Amino acid sequence: KSDKVKNRKASSGSNNMHNVVIMYDFTKTCFTFVSPTFSADLSFEKSSDSVLICKYINTFMLKYKEPEKSVRVEEIDGVKLVKDLAVKMEEMFQRKAEATRRLVEAAEEAHHQHEDNPDLQFEYFNAVLINEVGEDEKPVELGGEFLLEPNDHFNNLSVNLSLSVVQVPTNMYNKDPDIMNGVYWSEALNKVFVENFERDPTLIWQYFGSAKGFFRQYPGEIKWNPDQSISFDCRNRKWYIQAATSPKDVVILVDVSGSMKGLRLTIARQTVSSILDTLGDNDFFNIIAYNQEIHYVEPCLNGTLVRADTTNKDHFREHLDKLFAKGIGLLGEALTEAFTILNDFNQTGHGSVCSQAIMLVTDGATKMYDDVFEKYNWPDRKVRIFPYLIGRESAFADNLKWMACANKGYFSQISTLADVQENVMRYLHVMSRPKVIDHEHDTVWTEAYADSALRGKSGPALTTTVAMPVFSTKNETKNQGILLGVAGTDIPLQELMKLIPKHMLGIHGYAFAITNNGYILTHPDLRPLYQEGQRRRKPYYSSVDLSEVEWEDKDDILRNAMVNRRTGTFSMDVKRTVDRGVRLRVLKMHNDYYYTDIKGTPFSVGVALSRGHGKYFFRGNVSMDAGLRDLEQPDVALADEWTYCNTEEKHEHRHLTQIQAIKLFMTGRRTHLKCDRELIQEVLFDAVVTAPLKSYWNSLALNKSENPDKGVEIAFLGTRTGLSRTNLFVPTAQNFLTAEDEEGVFNADHFPLWYRRAAEQVPGTFVYSIPFSTGTLVVLASTAIQLLDDRKSPIVAAVGIQMKLEYFQRKFWTACRQCTALDGNCIISCDSEDINCYLIDNNGFILVTEEKSQTGLFFGEVEGAVMSKLLQMGSFKRINLYDYQALCREYAGSSDSARTLSDPFSMVKWLLTELVIFLLEFNLYSWWNVDLSVKAQRPQGKTMTVPCDTEYPAFVSERTIKETTGNVDCGGCVSSFVIQQIPSSNLFMVVVDNKCDCGTVDPVTMDPIEIKYILYRSSLKCDRLKLQKDRKKPESCHPFHPEENAMECGSASRLSSCLAVNLLTLIAATVSR
């Protein structure tokens, strides 16, 4: 070696490396352009392409440091930052809540003034029929001409900003008297919809969901697909259920005795599934199947309740398919078990600690079981009973009706699958009665969910809803507690993100918010969509817990403090992948967290600041005229998703770009504009400091000798205020620093990837990478600009270039052929067949290799033996990370538990059964010996994607190790290698002796490994199901009301006279107590 690498003589069969000469001058020749300083005597200056890079970088750094004496560095006050952010969010949420309250008041007044007319007939705009014409070319009934225009605020959907449309579920008659009367009086909401939108142009969907089933939505949008209408019933949406009822603990009892065989069991399963649909994140439940024995549907959850989140409900649905009917039904034991669970669980304080209910799904009861109710539920009747009689038989109906009426419940009979939905919904009206009588318009907020109608560039937009119940205020119906419906307003979480002062959070800092249950409302690591193919929602995207993304907090200290709405701070070491969604490159940091609650909501907000440069920012001042002049240059752009000025609060500002709005605000021509003056002052400063680069870039572009083969395509910079400048040296080059490449630009929740990676390198070091997301062969090189040579100095900007991969590789191979021998002949070079040369980055990814197909691969996949040795020697470190939002592929079984009646054969049988059911007894039906929940057969050998937890590795180089040599044993053959760091870069050159066949050595991969809990310990999976994390219970609770009319309990008017007398006697006795 010369200077650092000693020459070694090759010897046949030797374990030493062949005569490899890696010259120190080579590293300078090939890569000195990465250094911010350079000497005149280096040979690389003969390369005009390299000079171009150095000139560009050094000029910018000097320009940025010119005003260094006129700026001041300040430490960020994290506590003040998060409190100010919470206030902004509170104000925004309050505006949406006020809009919803105006809808509630208008709806209640309109209903109060309306007298029901069973013969009412009038035309309204049906969402499925608008603008539809019949065979006579005239509008169909309930269709009519409905004007629609594309609107950019609604993602260019065609909408009508003057009118709403009405959707009616397909299992309901469009002109049913209840529907017609409800639609008629709710027409008064159109005026309020429009007024709300004029007051607050940031509003999107406003709506009213009726207890009768219809759904009125503003603005009226393009015609609903009939399939949408089939699947949509507003009454089983979370915003409706949470607003209509108080939190509840529910035990579902399912009769699986022999008489429930066949269609009855199918209807029972569907009934239970529909009940699960009506449970939300503040509810708790369990399911018990009974015959002569008690069977917990999930055996490991014996004697407890679990939260009704999507994951748990789907888990129980899978177990429902395993139920089969046999034996006799002992209902008394099942009721006793249900009462015991509810009482014991309530004592723990973990459940809703509010309403309680038992849902009984059966085909009959031979007695009234008053002894059980007297022991466990009377006289307080805290547990409501909701019996669902399955089938057309009414022999035991009176007993079930009596149970409902004696326990403040409601009786329903379900004869066919088509009856399930409507009958299940009836219990909600009973559960809502206390709230209605109290006339408490509790404001509820949902967790994050995807709005498929508003699709952004990344897929469906995440949204939360604020909702309030609407009551009948007529005096004659007061004690009946009539719920008219629920009014709601959607809030895109993107609007929440715009309130975050990203420039104050630093390069790696971020803000996040969670619900009272610990679920993420917004967080940069929340990944709600599938990444491959169509951007579809993951199954459990709305119930991702904070502990699943901030997983280093093993004791949930941060999570629990935020759930309990505290204000405070927390610190911990974290590992963060910088390739969002790809999870290949990792950074190790220490984060400081600051958190507080958002008043008037169940949410808490937090901010994370990385220690070091992430805790500091600087302020600089320039003249307004100079700043505005330089800001308007054509090469300047501002972060699309940052808010410099709020242009959405008023209609007259919506057409303005951020730069136009800044100019109007700073010159005083739009006094009503709301802008962040501090951020604007800093972005004007950055515009002035970076302005000279434009002329410098132009001079480089005009000087043909600077970039003769056009290998350097683009120069770019970004500053901490979201300002960026780009210059295309090659006009036809594909620019990846655009909004389409989410990782390459400033977004609402992160800085560009090239900026983030550069910031964590030693100042003056260049970071080279091949963008994984582009699919095109380019290399990005970037470096961070630090204001002062101090750990407390902020990173003020990052600069870099985009060059062709072929150009980059050609420079590498040219340099590798140079050596210092007097005759110019190298003893050995990368052209030799005896060695393999690689250029890899600090995370182990290959940038240059002779085998072009290996470009971009992880080095361990190509040279597993060498990578294993590097890990053993400490040159690279393996870091294990965890992904609790992962998706794994598994072979599909012979059935699809998510769907019933999904194959044509089953559908035909179901239809035939419905036709002959009037003629057949259910026990005769069982002779068919067909379970109509037969599930669709999947082709064998196909895979499906399912949620899972994974552990996956990332690799990072050890900075202190500059050079390493070693040997690897490949089946008795010893091969040598040498690795050397390229100065002032994140790159390493690796030279491997290829005389041995190391293909038998296992590669080192980055493949994720699914965490199979059940394989580690049989009880671990059950423990995870039982786990009850801390949660903050909703403050409002309305379990019962003394004025409640408990006789409204189903078809009670048809009770036999004997049972009616018994019931009245019971009620009198309980009242007297």
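Above this text you will find the structure in question.
A few points on the structure. (Residues numbered from 1 in each chain as written. Predicted model: local features only at pLDDT ≥ 70, side-chain atom pairs only at ≥ 80, totals over all residues. Heavy atoms only, no water.)

1. With respect to the sheet that holds strand β39 (residues 987-993)
Right, so step 1: The sheet built from five strands is open, its strands ordered β34-β33-β39-β38-β37 with antiparallel pairing. In the strand order of this sheet, the two ends are held by β34 (846-849) and β37 (963-970), each with one partner. The mean inter-strand angle of the sheet, taken between neighbouring strand axes irrespective of direction, is 20°.
Right, so step 2: Of the strands in this sheet, β33 (835-841), β34 and β39 are in contact with helix α22 (residues 805-816), which crosses β34 at around 55°.
Right, so step 3: Contacts from helix α24 (residues 864-873) reach β37, β38 (973-981) and β39, with the element oriented near 125° to β37. (Pairing = 2+ DSSP bridges. Helix = DSSP H or I, 4+ residues; strand = E, 2+ residues; numbered from the N terminus. Axes fitted to C-alpha atoms, helices over the stretch in contact; angles between N-to-C directions. Contact = heavy atoms within 4.5 Å.)

2. Observations regarding the nonpolar core
Right, so step 1: One finds Met89, Phe93, Tyr124, Trp239, Leu558, Tyr593 and Val607 to be the most contacted residues of the largest nonpolar core, which totals 108 residues.
Right, so step 2: Take this core: its biggest share by element is 14 residues, from helix α3 (residues 78-113).
Right, so step 3: Residues from two domains meet in this core; each of domain 2 (83-241 + 442-491) and domain 4 (493-618) gives at least three.
Right, so step 4: The contacts of Tyr593, once residues within four sequence positions are left out, are Tyr510, Phe512, Glu550, Leu558, Gly568, Thr569, Phe570, Met572, Val574, Arg576, Val607 and Ala608.
Right, so step 5: Ranked by size, the runner-up nonpolar core spans 78 residues in total, among them Leu638, Leu693, Trp697 and Val991. (Core = buried A, V, L, I, M, F, W, Y, C linked by side-chain atoms within 4.5 Å. Buried < 20%, exposed > 50% of the residue type's maximum accessible area, 1.4 Å probe, protein only. Domains from an automatic or database assignment.)

3. A closer look at unusual backbone geometry
Right, so step 1: The omega torsion of the bond from Tyr218 to Pro219 falls at -5°, within 30 degrees of zero and hence cis.
Right, so step 2: Mapped onto the fold, Pro219 is located in the loop between β6 (215-218) and β7 (220-221).
Right, so step 3: Of note, the bond from Trp378 into Pro379 is cis; its omega dihedral lies within 30 degrees of zero at 5°.
Right, so step 4: With respect to the helices and strands, Pro379 occurs in the loop between α11 (370-376) and β13 (383-390).
Right, so step 5: With phi around 65°, Leu142 is a residue other than glycine that occupies positive phi space.
Right, so step 6: Following the sequence through the fold, Leu142 ends up in the loop between α3 and β2 (149-151).
Right, so step 7: Here Tyr369, not a glycine, exhibits a phi torsion of approximately 55°, which is positive.

4. Some remarks on the packing of helix α18 (residues 658-666) against helix α19 (residues 677-690)
Right, so step 1: Contact geometry of α18 with α19 gives a least axis separation of 12 Å together with a crossing angle of 110°. Classified by the interaxial angle, the pair formed by α18 and α19 is roughly perpendicular. Side by side, α18 and α19 meet where Ile662, Phe665 and Met666 of the first sit next to Arg677, Ile680, Gln681 and Leu684 of the second.
Right, so step 2: Residue composition of the contact of α18 with α19, grouped by class: five nonpolar, one polar and one charged. (Parallel < 35°, antiparallel > 145°, perpendicular 65-115°, else oblique. Nonpolar A, V, L, I, M, F, W, Y, C, P; charged D, E, K, R; others polar.)

5. Digging into the packing of α3 against helix α5 (residues 189-199)
Right, so step 1: At a minimum axis separation of 10 Å, α3 and α5 run at an interaxial angle of 160°. Of the possible angle classes, the one that applies to α3 and α5 is roughly antiparallel. Where α3 crosses over α5, the handedness of that crossing is right-handed. When α3 is examined against α5, the residues Ala99, Arg102, Leu103, Ala106 and Ala107 are found in contact with a partner set consisting of Leu189, Val192, Phe193, Asn196 and Arg199.
Right, so step 2: Residue composition of the contact of α3 with α5, by class: seven nonpolar, one polar and two charged. (Left-handed = near helix turned anticlockwise from the far one by under 90°.)

6. Notes on the state of the cysteines
Right, so step 1: Counted by the stated rule, this structure contains seven disulfides.
Right, so step 2: Disulfide pairing places Cys405 opposite Cys1049 at an S-S distance of 1.9 Å. Residues Cys405 and Cys1049 share a disulfide whose torsion about the S-S bond is about 80°; that sign makes it right-handed. A residue pair is termed long-range when its members are at least 10 positions apart, and Cys405 in helix α12 (residues 397-406) and Cys1049 in the loop between α28 (1020-1026) and α29 (1057-1072) qualify at 644 residues.
Right, so step 3: Cys970 shares a disulfide with Cys998; S-S distance 1.8 Å. The sign of the S-S torsion, about 85°, decides the handedness of the disulfide formed by Cys970 and Cys998: right-handed. Note that Cys970 is positioned in strand β37 and Cys998 in the loop between β39 and β40 (1009-1010), a separation of 28 residues in sequence. Per residue, the accessibility class of Cys970 equals that of Cys998, and both read buried. (Disulfide = S-S within 2.5 Å.)

7. Looking at the packing of aromatic side chains
Right, so step 1: Under the counting rule described, the total for this entry stands at 45 aromatic pairs.
Right, so step 2: Taking the centre distance of 5.6 Å and the plane angle of 75° together, the rings of Trp642 and Phe746 count as edge-to-face. Placement of the pair is Trp642 in the loop between β25 (636-638) and β26 (645-646) and Phe746 in the loop between β29 (723-728) and α21 (753-759), with a sequence separation of 104 residues. You'll find Trp642 and Phe746 in the same group, each marked buried.
Right, so step 3: Taken together, a centroid distance of 5.2 Å and an interplanar angle of 75° make the contact between Tyr838 and Phe859 edge-to-face. Here Tyr838, found in strand β33, pairs with Phe859, found in helix α23 (residues 859-862); they are 21 residues apart in sequence, far enough to count as distant.
Right, so step 4: According to the relative accessible area criterion, Tyr838 is buried, its value standing at 3%.
Right, so step 5: Since its relative accessible area comes to 0%, Phe859 is described here as buried.
Right, so step 6: Of the aromatic side chains, those joined through ring pairs into one cluster are Trp642, Tyr644, Phe716, Phe746, Phe751, Trp754 and Tyr755.
Right, so step 7: For the cation-ring pair, Arg720 lies above Phe618, with the distance from its terminal atom to the ring centre recorded as 4.0 Å. (Phe/Tyr/Trp six-rings, centres within 6.5 Å; stacked < 30°, edge-to-face > 60°. Lys NZ or Arg CZ within 6 Å of the ring centre and 35° of its normal.)

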